[in-house]
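Each chain is listed here by its residues.
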Amino acid sequence: MKALQLVEYGRFELVDMPVPEYGDDEALLRVKACGICGSDVHGMDGSTGRRIPPIVMGHEASGEIAALGKNVAGWNVGDRVTFDATFYCGKCVYCLRGETNLCESRRVPGVSCNEYRQNGAFAEYLVVPGHVLYRLPDELSSVHAAMVEPVSVAVHGVNLAKIKPGDRVAVVGAGMIGMLIVQVCKAKGAGEVIAVDIDPKKRALAESVGADSSCESSAGMELDVAIEAVGITATVDMALRSVRKGGTVSLVGNMSPKVEIPLQILVQREISVFGSCGSQLDYPESLELLASGKVNAAPMITHQITLDEAKEYFDRLYRQEPGLMKVIVCPS
């Protein structure tokens, strides 16, 4: 099969690899679409330590079942599917509590770090555990289904904030995840959603997908909830300064490994802060939001490309070329 492999930091090659072997509890998928995630772009230069070459990246994917292990029940060859990008064990104390994103032996396809190496979906075929499969609704295309993983990240971050009908919410950072968070907040009944970003084009796009208004700073607005989708000191600080006493902040962004926080504001105003890691069995809700149109992924998908073109588009994304947001690779 053909696959796009990061052979060394900053350099990809289209390579021939054997079709991966699958076990009794696994499914072999023919990959139809896979999104290029910001974590892939940030990781290609070695700065994150989670894309150690050689590795085939890609975890935002959809496809169809090409073959099944003998223990994988309820599925047929040809079924259209996506999968939870957290390969969780289902047996550890965290999984048994439903906290699958915190699984003691979690693996993410397309990630290689000191603990493990798991090839991903920028390839014609991929093996996944049978218990992480989800059936695609008929009305959802394979390309749009590749967005379910980032939608699930947005859903988890919003669910942690426990938004109530009528709540006033700031979404700090209007990148792709931020724009998905805007739509999820509206779907959950938020009364007012304010998109916050320094880029006027991003603010305009956020308003086009559902934000009630947008601005460069929400500090001092006395809102009920702020959801931070960047992960640097300036935006985390702004999120904490955006909410009322007793307000809630959900931290979804994680661009920087360390940030400074205004501790006295957090403590004296009794602000609840949640760290949000990936998603936690949020795929059924996320698929429903996409299939129903309550979350519209189309405005964020700027390019659909072949596997042969992916190397070029990684370089363009790394250079932060204007006009690129979500690029979907279609290997087959």
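Everything that follows concerns the structure shown earlier in this document.
Note that the coordinates shown come from a computational prediction; the quantities given were computed from them, not determined experimentally.

(A) Main features of the pairing of strand E17 (residues 326–330). The buried fraction of E17 amounts to four of the five residues, a majority that puts the element mostly inside the structure. Summarising the sheet, strand E3 (residues 26–35) and E17 pair through two bridges and their orientation is antiparallel. Residue Cys34 lies in a different strand from E17, and its bridge partner there is Val329. Relative to E17, strand E16 (residues 301–306) runs parallel, the two being bridged by five bridges. Its bridge partner lying in E17, His303 is registered against Val327. The parallel pair E16 and E17 is bridged by helix H10 (residues 310–318), and the resulting crossover is right-handed.

(B) Looking closely at the packing of aromatic side chains. Applying the stated criterion across every chain yields a total of four aromatic pairs. Connected via pairs of aromatic rings, a cluster forms that spans Phe12, Phe122 and Phe314.

(C) Spotlight on the pattern of salt bridges. If you walk through the whole model with that rule in mind, you get 20 salt bridges. Residues Arg168 and Glu192 are paired through a salt bridge, measuring 2.9 Å at the closest nitrogen-oxygen approach. Placement of Arg168 in strand E10 (residues 168–172) and of Glu192 in strand E11 (residues 192–196) is noted, with a sequence separation of 24 residues between them. The class for Arg168 is partly exposed, based on a relative accessible area of 31%.

Rules used in this analysis
- Residues numbered from 1 in each chain as written.
- Predicted model: local features only at pLDDT ≥ 70, side-chain atom pairs only at ≥ 80, totals over all residues.
- Heavy atoms only, no water.
- Buried < 20%, exposed > 50% of the residue type's maximum accessible area, 1.4 Å probe, protein only.
- Helix = DSSP H or I, 4+ residues; strand = E, 2+ residues; numbered from the N terminus.
- Pairing = 2+ DSSP bridges.
- Right-handed = clockwise from strand over helix to strand, strands pointing away.
- Phe/Tyr/Trp six-rings, centres within 6.5 Å; stacked < 30°, edge-to-face > 60°.
- Salt bridge = Lys/Arg side-chain N within 4 Å of Asp/Glu carboxyl O.

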